[in-house]
Amino acid sequence: MNKKAKGKGLLQVPGIILIILGAFTLVSGVISVFTARMAASDGGALIESMNAIAKSQGINYTYTAQGLMVAAIMALATGAIFLAGGIIGVANCNKPHKAQICFITGIIMIVVVLAQAIYQAMNGSFGILGTIINLILPVLYLIGANKNKQMLELMETTSAGISEEVQE
């Protein structure tokens, strides 16, 4: 394709950042799994220490081994989804015919961020600012995918009009 896709920058730049964030989140998730397993197997000493630190910092939250494992699994899932989404966005940023897969991936990333926010709200650790920040890249990505989708629809409409004129 000779013409630059309208959503290229909004898919490519967030896509690159999502690849980096996804990789870091995956590594963090792996470390968190080991931490949660250690917390579950040490007789509660690590959990007690974490709760004492949280209390001393004025944080009204009680850590559990199960909660740590859920958070670790969520980090692994989020990292994998962001990494895959970033790769899909970068690979397809200038391909309007691939806009639909990018659009779906953007929606999935937004749903993941909102699911995390719901989980955090249920556990008393929700922060609106953190959720807004976490939504920025997926929303920009979705806007880029939508621009490419609109460009594809315009191209299809234009080519359909040309082919109708040729047939007459």
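About the criteria used
Residues numbered from 1 in each chain as written. Predicted model: local features only at pLDDT ≥ 70, side-chain atom pairs only at ≥ 80, totals over all residues. Heavy atoms only, no water. Helix = DSSP H or I, 4+ residues; strand = E, 2+ residues; numbered from the N terminus. Rg over C-alpha atoms; globule rule 2.2 N^0.38 Å. pLDDT = per-residue confidence, 0-100. Axes fitted to C-alpha atoms, helices over the stretch in contact; angles between N-to-C directions. Parallel < 35°, antiparallel > 145°, perpendicular 65-115°, else oblique. Left-handed = near helix turned anticlockwise from the far one by under 90°. Contact = heavy atoms within 4.5 Å. Nonpolar A, V, L, I, M, F, W, Y, C, P; charged D, E, K, R; others polar. Phe/Tyr/Trp six-rings, centres within 6.5 Å; stacked < 30°, edge-to-face > 60°. Lys NZ or Arg CZ within 6 Å of the ring centre and 35° of its normal. Expected span 1.5 Å × (residues − 1). Buried < 20%, exposed > 50% of the residue type's maximum accessible area, 1.4 Å probe, protein only. Core = buried A, V, L, I, M, F, W, Y, C linked by side-chain atoms within 4.5 Å. Patch = residues over 30% accessible without salt bridge, like charges linked within 9 Å, V, L, I, M, F, W, Y side chains within 5 Å. Areas by Shrake-Rupley, 256 points an atom, 1.4 Å probe, with all protein chains shown as cover. Salt bridge = Lys/Arg side-chain N within 4 Å of Asp/Glu carboxyl O. Disulfide = S-S within 2.5 Å.

Our next topic: the overall build of the protein. On a plain count of helices and strands, the protein comes out with five helices and zero strands. Secondary structure elements of the protein occur, N-terminal to C-terminal, as α-α-α-α-α. The C-alpha radius of gyration computed for the protein amounts to 21 Å, which surpasses the reference 15 Å derived for 168 residues by more than 25%, pointing to a less compact arrangement than a globule. Judged by the C-alpha coordinates and their principal axes, the protein covers about 80 × 25 × 20 Å.

With 93% of its residues at a pLDDT of 70 or more, the protein shows a mean pLDDT of 89. No element of the protein has a lower mean pLDDT than helix H5 (residues 128-167), at 85, and none a higher one than helix H4 (residues 99-122), at 95.

The subject of this paragraph is the packing of helix H3 (residues 65-92) against H4. At a minimum axis separation of 10 Å, H3 and H4 run at an interaxial angle of 160°. As far as their axial angle goes, H4 and H3 are roughly antiparallel. As H3 packs across H4, the resulting crossing turns out to be left-handed. Residue-level inspection shows Gly67, Val70, Met74, Thr78, Ile81, Phe82, Gly85, Ile88, Gly89 and Asn92 of H3 in contact with H4, the latter providing Ile101, Cys102, Thr105, Ile108, Met109, Val112, Val113, Ala115, Gln116 and Tyr119. Broken down by class, the residue content of the contact of H3 with H4 amounts to 13 nonpolar, seven polar and no charged.

Attention shifts here to the packing of aromatic side chains. Taken as a whole and assessed by the stated rule, the structure comprises zero aromatic pairs. The ring of Phe103 is capped by Lys149, whose NZ or CZ atom sits 4.0 Å from the centre of that ring.

Turning to helix H1 (residues 8-41), a few remarks are in order. Compared with an ideal rise of 1.5 Å per residue, which puts 34 residues at 50 Å, H1 spans 48 Å between its outermost C-alpha atoms and is within 8% of the ideal. Within the sequence span of H1, burial applies to Leu11, Pro14, Gly15, Leu18, Gly22, Gly29, Val33, Ala36 and Ala39. Following H1 by one or two positions, Gly43 has its phi on the positive side, about 80°.

Moving on, we come to the packing of H1 against H3. Their axes nearest at 6 Å, the elements H1 and H3 cross at an angle of 160°. Comparing their axes, H3 and H1 come out roughly antiparallel. The two elements H1 and H3 cross, and the hand of that crossing is left-handed.

With that out of the way, let us pick up the nonpolar core. Of all hydrophobic cores here, the largest spans 14 residues; its most connected members are Leu11, Leu18, Phe82, Cys102, Met109, Tyr141 and Ala145. Mapped by element, the contributors of at least two residues to this core are H1, H4 and H5. In this structure, Leu18 is in contact with Phe82, Leu83, Gly86, Met109, Leu137 and Tyr141, ignoring residues within four places of it in sequence.

Here we come to a nonpolar patch on the surface. There is a patch of nonpolar side chains on the surface, built from Phe126, Ile128, Leu129, Ile132, Ile133, Ile136, Val139, Leu140 and Ile143 and spanning about 800 Å² of accessible area. Along the chain, the position of Ile136 falls in helix H5.

Mapped onto the elements of the fold, Asn92 is located in helix H3. A residue is classified by how much of its surface remains accessible, and Asn92, at 10% relative accessible area, is buried. The contact partners of Asn92, leaving out residues within four places of it in the chain, are Leu11, Lys98, Ile101, Cys102 and Asn148.

Simply put, the disulfide is a covalent bond whose two ends are the sulfur atoms of two cysteines. The full count for this structure, using the stated rule, is zero disulfides. Here Cys93 is not disulfide-linked; the sulfur of Cys102 is the nearest cysteine sulfur, at 8.3 Å. For Cys102, a relative accessible area of 0% puts it in the buried group.

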